[in-house]
Amino acid sequence: DAKTTQPNSMESNEEEPVHLPCNHSTISGTDYIHWYRQLPSQGPEYVIHGLTSNVNNRMASLAIAEDRKSSTLILHRATLRDAAVYYCILRHYYGGSQGNLIFGKGTKLSVKP
Amino acid sequence: GAVVSQHPSRVICKSGTSVKIECRSLDFQATTMFWYRQFPKQSLMLMATSNEGSKATYEQGVEKDKFLINHASLTLSTLTVTSAHPEDSSFYICSAELRTSRFETQYFGPGTRLLVL
């Protein structure tokens, strides 16, 4: 599975936008980019996923570079409840099925009031 | 929608006993469920993939006789930690895969914290 690289930690101020970067220079054409987040003492929560085009949902936006070697998760207005570890994961798609989710260390986001 | 529950949320047991953890998809059917383990300050590690009606597939290094997985229905998978020891103390998290005509997405349970004394 192709690897991702994320900063260990980031800080943000409440109500400001947050851009969480992820590098995946060895991504293949059938790797989907998934983002999950994990709040303390909870299971991970699905945030968003994409393949080539930018994606928006009620939680966040995903901006994917044209060469797909990097992506950015955008939280438009950070709240204290967004403090979590954010995982960027590549999930391989093959033969009508998806590969396993392999979690790295993620980025620990702190939000200051 | 896409809610996954786990029971119990936390359990304390004596060394040598067995503990069963349940994972349920509450509002969708899941042919495939997954079991993960997370030690303090570490990331999630996939233990096994559970398929309804068939044997689970275990990741390398995970003992199938110690971590028994049963996926008897499309909404329930169970993980039994047999003869638990203190080193098995961890945060166990399950996920269930929601499949649509376009995509598959894993939804996670809240986790079960196991402490073996």
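Right, let's walk through the structure included here. Each chain carries its own residue numbering, running from 1 in the written order of its sequence. Going through the entries in the order they are written, you letter the chains from A and number the ligands from 1. Thresholds applied to this predicted model are a pLDDT of at least 70 for local features of residues and 80 or more for the giving and counting of side-chain atom pairs; totals over whole chains, interfaces and linings are not thresholded and use all residues. Side-chain measures were taken over the full set of non-hydrogen atoms in the model, leaving aside hydrogen atoms and water.

1. A short note on the interface of chain B and chain A
Accessible area lost during the coming together of the parts is what is often quoted as the interface size.
Next up, step 1: By definition in these notes, contact holds between two residues if any of their heavy atoms fall within 4.5 Å. Across the contact, 20 residues belong to chain B and 19 residues belong to chain A.
Next up, step 2: Two parts lose some accessible area (1.4 Å probe) when they are put together, and adding that loss for both gives the buried area. Buried area between chain B and chain A, both sides added, is near 1,500 Å², and the carbon and sulfur share of it is 53%.
Next up, step 3: Each reported salt bridge corresponds to a side-chain nitrogen of Lys or Arg within 4 Å of a carboxyl oxygen of Asp or Glu. Linking chain B with chain A are one salt bridge, by the criterion used here.
Next up, step 4: Note that A:Arg91 and B:Glu97 form a salt bridge whose closest N and O atoms lie 2.4 Å from each other.
Next up, step 5: Contacts described as polar in this section are N or O atom pairs within 3.5 Å, which, within protein, must combine one atom able to donate a hydrogen with one able to accept it, while residues neighboring in sequence count only if both atoms come from side chains. Taken together, the connections running from chain B to chain A amount to five residue pairs in polar contact (both at pLDDT 80 or more).
Next up, step 6: Looking at the side of chain B that touches chain A, the elements with two or more residues in it are strand E4 (32–38), strand E5 (45–51), strand E9 (90–99) and strand E10 (104–108) of chain B.
Next up, step 7: A run of H or I in DSSP becomes a helix once it reaches four residues, and a run of E becomes a strand once it reaches two; helices and strands are each numbered from the N terminus. Sorting elements by how many residues they give to the side of chain B that touches chain A places E10(B) first, with five residues.
Next up, step 8: Its residues placed into classes, the side of chain B that touches chain A shows 10 nonpolar, six polar and four charged. When residues are grouped by polarity, Ala, Val, Leu, Ile, Met, Phe, Trp, Tyr, Cys and Pro land in nonpolar, Asp, Glu, Lys and Arg in charged, and all others, Gly among them, in polar.

2. Focus on the pairing of strand E10 (residues 107–112) of chain A
All names here are of chain A.
Next up, step 1: Think of it in three bands: with a 1.4 Å probe and only protein chains considered, a residue is buried below 20% of the maximum accessible area for its type, exposed above 50%, and partly exposed in between. With burial as the criterion, only one face of E10 is covered, namely that bearing Thr107, Leu109 and Val111; the residues Lys108, Ser110 and Lys112 on the opposite face remain uncovered.
Next up, step 2: Pairing between two strands is assigned when DSSP locates at least 2 bridges connecting them. Here three bridges tie strand E8 (residues 84–94) to E10, and the two strands are oriented antiparallel to one another. What sits directly across from Tyr86, in E10, is Thr107.

3. Quick notes on the pattern of salt bridges
Next up, step 1: Counted according to the given criterion, the structure contains eight salt bridges over all chains.
Next up, step 2: A salt bridge links A:Glu45 to A:Arg37; the shortest N-O distance between them is 2.9 Å.
Next up, step 3: On the basis of relative accessibility, which here comes to 31%, the residue A:Glu45 falls in the partly exposed class.
Next up, step 4: One salt bridge in this structure joins B:Arg99 and B:Glu97, with 3.6 Å as the shortest N-O distance.
Next up, step 5: For B:Arg99, a relative accessible area of 43% corresponds to the partly exposed category.
Next up, step 6: Among the charged side chains, a salt-bridge network with shared partners connects A:Arg37, A:Glu45 and A:Asp82.

4. Quick look at the state of the cysteines
Residue and element names in this part refer to chain B.
Next up, step 1: Note that a disulfide, as used here, is simply two cysteine sulfur atoms within 2.5 Å. Here the structure, examined in full by the defined rule, presents two disulfides over all chains.
Next up, step 2: The residue that forms a disulfide with Cys23 is Cys94, at a sulfur-sulfur distance of 2.0 Å. Its S-S torsion of about 80° marks the bond between Cys23 and Cys94 as right-handed, since a negative value means left-handed. Here the residue Cys23 occupies a position in strand E3 (residues 19–25), and Cys94 occupies one in strand E9, the gap between them amounting to 71 residues. Each member of the pair, Cys23 together with Cys94, is buried.
Next up, step 3: For Cys13, which is in no disulfide, the shortest distance to another cysteine sulfur is to Cys94 and amounts to 18 Å.
Next up, step 4: We classify Cys13 as buried; its relative accessible area is 9%.

5. Structural notes on the environment of B:Val4
Residues and elements named next belong to chain B.
Next up, step 1: Assignment of secondary structure puts Val4 in strand E1 (residues 4–7).
Next up, step 2: For Val4, a relative accessible area of 7% gives the class buried.
Next up, step 3: When the C-alpha positions of Val4 and Arg24 are compared, they lie 5.6 Å apart, and in sequence the two are 20 residues distant.

6. Notes on the nonpolar core
All names here are of chain B.
Next up, step 1: Put simply, a nonpolar core is a bunch of buried Ala, Val, Leu, Ile, Met, Phe, Trp, Tyr and Cys residues held in one set by side-chain atoms that sit within 4.5 Å of each other. Membership of the largest hydrophobic core comes to 26 residues, with the highest contact counts inside it found for Trp35, Tyr58, Phe67, Ile69, Leu79, Tyr92 and Leu114.
Next up, step 2: Those elements that place two or more of their residues in this core are strand E2 (10–13), E3, E4, E5, strand E7 (67–73), strand E8 (76–81), E9 and strand E11 (112–116).
Next up, step 3: Other than its neighbours up to four places away in sequence, Tyr58 contacts Met47, Ala48, Glu63, Lys64, Phe67, Leu68 and Ile69.

7. Some remarks on the sheet that holds E3(B)
Residue and element names in this part refer to chain B.
Next up, step 1: Read across the sheet, four strands follow the order E1-E3-E8-E7 without closing on themselves; strand pairing throughout is antiparallel. With partners counted over all chains shown, the strands left at the sheet margins are E1 and E7, one partner each. Neighbour to neighbour, the strand axes of the sheet diverge by 15° on average, direction disregarded.
Next up, step 2: When E3 meets E8, the two strands line up antiparallel, connected through six bridges. What sits directly across from Val19, in E8, is Val81. Every axis corresponds to a line fitted to the C-alpha atoms, with the helix fit spanning only the stretch in contact, and the corresponding angles, defined between N-to-C directions, vary from 0 to 180 degrees.

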